[in-house]
Amino acid sequence: SSGLAIIQELQQMPREKLTSEIIPAIEAELIGSLKQDYEDSTAITGRLLNLVSALGALGEDGRPSLLRAYGYDPMVDFFITRKLGPDAPTDRVAKLLRHPPQGEYWLSYYVAALTKPGKEVVPILLDDMRTDEKTKGKYASMVLDLIGAECVPEVAETLDDSDWFTRWSAAKTLEMMGPKAEAALPALEDCLKDSAEDLDVRVAAARAIARIKGTRPEEVYQTISGLESRLVDATHEKSLAWRTEYMTREGSRSM
């Protein structure tokens, strides 16, 4: 039988038989397989997806089993979150953000975005912004933006971080948040005016200020003297530094 035919057959069964026999058996099969085969992987076979789909199709009767399966595998997290939305347990979302599947960290942020988490995940997202990986910072920004104005003070505090990349990430996040990040304007303006500040951070701060105020970034750029030539020089300098770091790292691996 096809998966759809099986689901239709399940839906027509007496509720007593479903709750006492069928659903516990599906749950045991699903959780047992996830624990054994998929704890360290994002892959999910068609068979497991059918099990999840069957529980989902059984509505409220299948919901407790889905929640118990939630968290054993990121792909199941993702599937269930699409069905349950904001009702997904926030502790599982925080756990997934702290321990994202290797090479598939983007999935954690999509789960977090779908569940609309509160401030309890902000420290985790700020730690992710401190990672020297631009894509990861953008995903963290996406979730911080959804959390909204209540997390702005904590994001603004990272504009004082000792690492230029973290300060840059914070400014980019505040740019994404736009007008709701108005409380961060004083900190952003301090970054913009600081001639000793990293140029990339000043440019990011300028863009954030423009976005928050609803003006064109070019108008704010004009406050940075010699921006074009300095930006070219800074880009070459950072490119050389990253290239040197990469060659050193790759060279040590080949020894």
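Just above, that's the structure.
These lines cover the structure that appears in this document, whether it is placed above or below. Remember, it's a predicted structure, so these values are computed and weren't measured experimentally. Residue positions are counted from 1 within each chain, in the order its sequence is given. In view of the model being predicted, local features appear only for residues whose pLDDT reaches at least 70, and side-chain atom pairs are presented and counted only at 80 or more, with totals across whole chains, interfaces and linings using the full set of residues. Neither water nor hydrogens contribute to the side-chain values; these are computed over all heavy atoms in the structure.

### Description of the nonpolar core
In summary, soluble globular proteins display a tendency toward joint burial of nonpolar side chains.
Alright, step 1. Definition of nonpolar core: a set of buried residues of the types Ala, Val, Leu, Ile, Met, Phe, Trp, Tyr and Cys, connected through side-chain atoms within 4.5 Å. Buried means the residue's accessible area, taken with a 1.4 Å probe over protein chains only, is under 20% of the maximum for its type, while exposed means over 50%, and partly exposed covers the values in between. Formed by 49 residues in total, the largest nonpolar core has its most connected members in L97, L125, L144, L174 and L188.
Alright, step 2. Only DSSP runs of H or I with at least four residues qualify as helices, and only runs of E with at least two residues qualify as strands; both kinds are numbered from the N terminus onward. Among the elements that take part in this core, helix α13 (residues 199-213) stands out by supplying 10 residues, more than any other.
Alright, step 3. Residues contacting L174, with those up to four places away along its chain left out, are V152, V155, L159, A181, A184, L188, A208 and I212.
Alright, step 4. Judged by nonpolar contacts, the second largest core, of 17 residues, contains L10, I23, L30 and L48. In this description, contact between two residues means that some pair of their heavy atoms is separated by no more than 4.5 Å.

### Considering the side chain of D145
Alright, step 1. The topology assignment puts D145 in helix α9 (residues 134-147).
Alright, step 2. Given the relative accessible area of 18%, D145 is considered buried.
Alright, step 3. Setting aside anything within four residues of it in sequence, one finds D145 in contact with M176, M177 and K180.

### A look at the pattern of salt bridges
Alright, step 1. A side-chain nitrogen of Lys or Arg and a carboxyl oxygen of Asp or Glu constitute a salt bridge if their distance falls within 4 Å. The tally for this structure, following the rule as stated, stands at 11 salt bridges.
Alright, step 2. Between D145 and K180 there is a salt bridge, and its shortest N-O distance comes to 3.1 Å. Of this pair, D145 sits in helix α9 while K180 sits in the loop between α11 (164-177) and α12 (185-193), and the two are 35 residues apart along the sequence.
Alright, step 3. Where E197 meets R167, a salt bridge forms, and the shortest distance between an N and an O atom there is 2.8 Å. Of the two residues, E197 sits in the loop between α12 and α13 while R167 sits in helix α11, which places them 30 residues apart along the sequence.
Alright, step 4. Here R167 falls in the buried class, since its relative accessible area comes to 12%.
Alright, step 5. One salt-bridge network, held together by shared partners, links D127, R130 and D161.

### Details of a negative patch on the surface
Alright, step 1. Exposure above 30% relative accessible area and no salt bridge define the residues that can form patches, which grow by joining like charges within 9 Å and nonpolar side chains of Val, Leu, Ile, Met, Phe, Trp and Tyr within 5 Å. Every accessible area reported is derived by Shrake-Rupley at a probe size of 1.4 Å, with residue values counting cover from the shown protein chains alone. Residues counted as positive are Lys and Arg, residues counted as negative are Asp and Glu, and His and the chain ends are not counted. In this description, the location of a charge corresponds to atom NZ of lysine, CZ of arginine, CG of aspartate or CD of glutamate. On the surface, E157, D160, D190 and D194 cluster together into a patch of negative charge.
Alright, step 2. By secondary structure assignment, the location of E157 is in helix α10 (residues 152-157).

### A look at the environment of A112
Alright, step 1. Structurally, the position occupied by A112 is in helix α7 (residues 105-115).
Alright, step 2. In this structure A112 comes out as buried when scored by relative accessible area, which is 0%.
Alright, step 3. A sequence separation of 31 residues divides A112 from V143, and the C-alpha atoms of the two residues are 6.8 Å apart.
Alright, step 4. Non-local contacts of A112, meaning those with residues more than four positions away in its chain, are made with V93, L97, P117 and V143.

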